[in-house]
Amino acid sequence: VLVIEDEADIAELMRYNLEAERYSVSWAATGEEGLRKARLERPSIVLLDLMLPGVDGLEVCRRLKADSDTASIPVVMVSARGEEADVVTGLELGAEDYVTKPFSPRVLIARIKAVMRRLNKNGTPQEHDEAILRIHDLTIDPARHELRVADQPVDLTHTEFRILETLAKRPGRVFTRSQIIQLIQDGPTAVTDRSVDVHITSLRRKLADAARYIQTVRGVGYRIKAGDD
């Protein structure tokens, strides 16, 4: 676990509780140091404070997710900024979860374990279904966590991929936001109805022309268009 936190006492609290759960912990006190360590050490997960000196946590998250070498490393943001807008921004940048300070060490550990259960030791999503999904010009490989649109690879965050996979398994079926949350998560998370909309918006942007396959059913939720029309 890489902890990027400028307050030494909070970092030590995290280290103590994580090591008690037999995690190996590395600490960085600045955003720049955190980015260097993430690239060098390739941690299984990053705990990221937002209010860091120099490069702040949001920018650190953006750079981690934009770099192919670190994009698959899950990020849990840990911040005193707990307004919904802050949570949504963090999730939109690709963070897997968001924990507000002051936090319970037990809750933090539970959040980490929930994220890690969805990932294998190489930092890639667990195989939810071996079958490759093909619909329209989308090819979705759950085992490899890969999406190809018209045979071109498209990089998605873990949550974006799970949403697309969930919709693609049942073309034409409308999923409510609550159903999507229940199906893509297997532990306590910061995903809310509003953040589902944020992830859908980001997913559509990455799909470009193929975004038309994801349909909004006003007042209900989302679906993937059935058939080839």
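As shown above, the structure is provided for reference.
From a predicted model like this one, the values you see are computed outputs, not experimental measurements.

Cut-offs used in this document
- Residues numbered from 1 in each chain as written.
- Predicted model: local features only at pLDDT ≥ 70, side-chain atom pairs only at ≥ 80, totals over all residues.
- Heavy atoms only, no water.
- Pairing = 2+ DSSP bridges.
- Helix = DSSP H or I, 4+ residues; strand = E, 2+ residues; numbered from the N terminus.
- Axes fitted to C-alpha atoms, helices over the stretch in contact; angles between N-to-C directions.
- Buried < 20%, exposed > 50% of the residue type's maximum accessible area, 1.4 Å probe, protein only.
- Polar contact = N/O pair within 3.5 Å; in protein donor to acceptor, adjacent residues only side chain to side chain.
- Contact = heavy atoms within 4.5 Å.
- Expected span 1.5 Å × (residues − 1).
- Arc of directions from axis to C-beta.
- Left-handed = near helix turned anticlockwise from the far one by under 90°.
- Nonpolar A, V, L, I, M, F, W, Y, C, P; charged D, E, K, R; others polar.

J.: Help me get a handle on the sheet that holds strand S9 (residues 152-154), residues and values and all.
T.: With respect to topology, four strands assemble into an open sheet ordered S6-S7-S8-S9, the strand pairing being antiparallel. The sheet terminates laterally at strand S6 (133-135) and S9, the two strands that pair on one side only. When strand polarity is set aside, the average angle formed by the axes of neighbouring strands in this sheet is 25°. Note that strand S7 (residues 138-141) and strand S8 (residues 146-149) share four bridges and pair antiparallel. In the sheet register, Ile140 faces S8, and the bridge partner there is Leu147.

J.: Lay out the side chain of Glu5 in plain terms, naming residues and giving numbers.
T.: Topologically, Glu5 is positioned in the loop between strand S1 (2-4) and helix H1 (8-20). Judged by its relative accessible area of 1%, Glu5 falls in the buried class. Only 2.9 Å separates the side chain of Glu5 from the backbone nitrogen of Glu7, close enough to count as a polar contact. If sequence neighbours within four positions are ignored, Glu5 has contacts with Ile10, Ala11, Trp27, Ala28, Ala29, Asp49, Leu52 and Lys101.

J.: How would you explain H1 if you had to name every residue and give the values?
T.: Its 13 residues place the ends of H1 18 Å apart at the C-alpha level, agreeing with the 18 Å of an ideal helix rising 1.5 Å per residue. Buried within H1 are the following residues: Ile10, Ala11, Met14 and Leu18. Projected down its long axis, H1 shows its buried positions confined to an angular sector of 100°, all on one face. Exposed and oriented more than 90 degrees from the buried face of H1 are Asp9, Tyr16 and Ala20. On its buried side, H1 packs onto S1, strand S2 (26-28), strand S3 (46-48), strand S4 (75-79) and helix H5 (105-117).

J.: Would you mind going over helix H6 (residues 158-169) in detail, with residue names and values included?
T.: The terminal C-alpha atoms of H6 lie 17 Å apart, and with 12 residues this matches the ideal 16 Å at 1.5 Å per residue to within 8%. Taken across its 12 residues, H6 has 11 buried, putting it largely inside the fold. Within H6 the residues assigned to the buried category are His158, Thr159, Glu160, Phe161, Arg162, Ile163, Leu164, Glu165, Thr166, Leu167 and Ala168.

J.: Describe the packing of H1 against H5, naming the residues involved and giving the relevant values.
T.: Contact pair H1 / H5: the axes reach a minimum separation of 10 Å and the direction vectors enclose 65°. Along this stretch, H1 crosses H5, giving a crossing that reads as right-handed. Of the residues in H5, those in contact with Leu13, Met14, Asn17 and Leu18 of H1 are Pro105, Leu108, Ile109 and Ile112. Considering only residue class, the contact of H1 with H5 consists of seven nonpolar, one polar and no charged.

J.: Describe the pairing of strand S11 (residues 214-217), and please don't skip the residues or the numbers.
T.: Sheet topology note: the S11/strand S12 (residues 221-224) ladder contains four bridges and is antiparallel. Residue pairing across strands places Gln215 opposite Arg223, the latter belonging to S12. Count of turn residues in the S11/S12 antiparallel hairpin: three residues, of which Gly219 carries a positive phi of about 80°.

J.: Give me the sheet that holds S12: which residues, what numbers.
T.: The three strands lie next to each other as S10-S12-S11, forming an open sheet whose pairing is antiparallel. Every other strand in the sheet has two partners, leaving strand S10 (175-176) and S11 as the edge strands with one partner each. Against the sheet, H6 touches S10, S11 and S12, its axis set at about 65° to S12.

J.: Report on the environment of Cys61, specifying residues and quantitative values.
T.: Here Cys61 is to be found in helix H3 (residues 57-66). The spatial distance from the C-alpha of Cys61 to the C-alpha of Leu48 is 8.0 Å, given a sequence separation of 13 residues. Sequence-distant contacts of Cys61, that is, excluding residues within four places in its chain, are made with Leu48, Val75, Met77, Leu93 and Ala95.

J.: I'd like a description of the side chain of Thr166, backed by residues and values.
T.: Tracing the sequence through the fold places Thr166 in helix H6. With relative accessibility at 10%, the residue Thr166 sits in the buried group. In this structure the side chain of Thr166 is engaged in a polar contact, spanning 2.8 Å, whose partner is the backbone oxygen of Arg162. With residues up to four places along the chain from it excluded, the contact list for Thr166 reads Phe175, Leu183 and Ile184.

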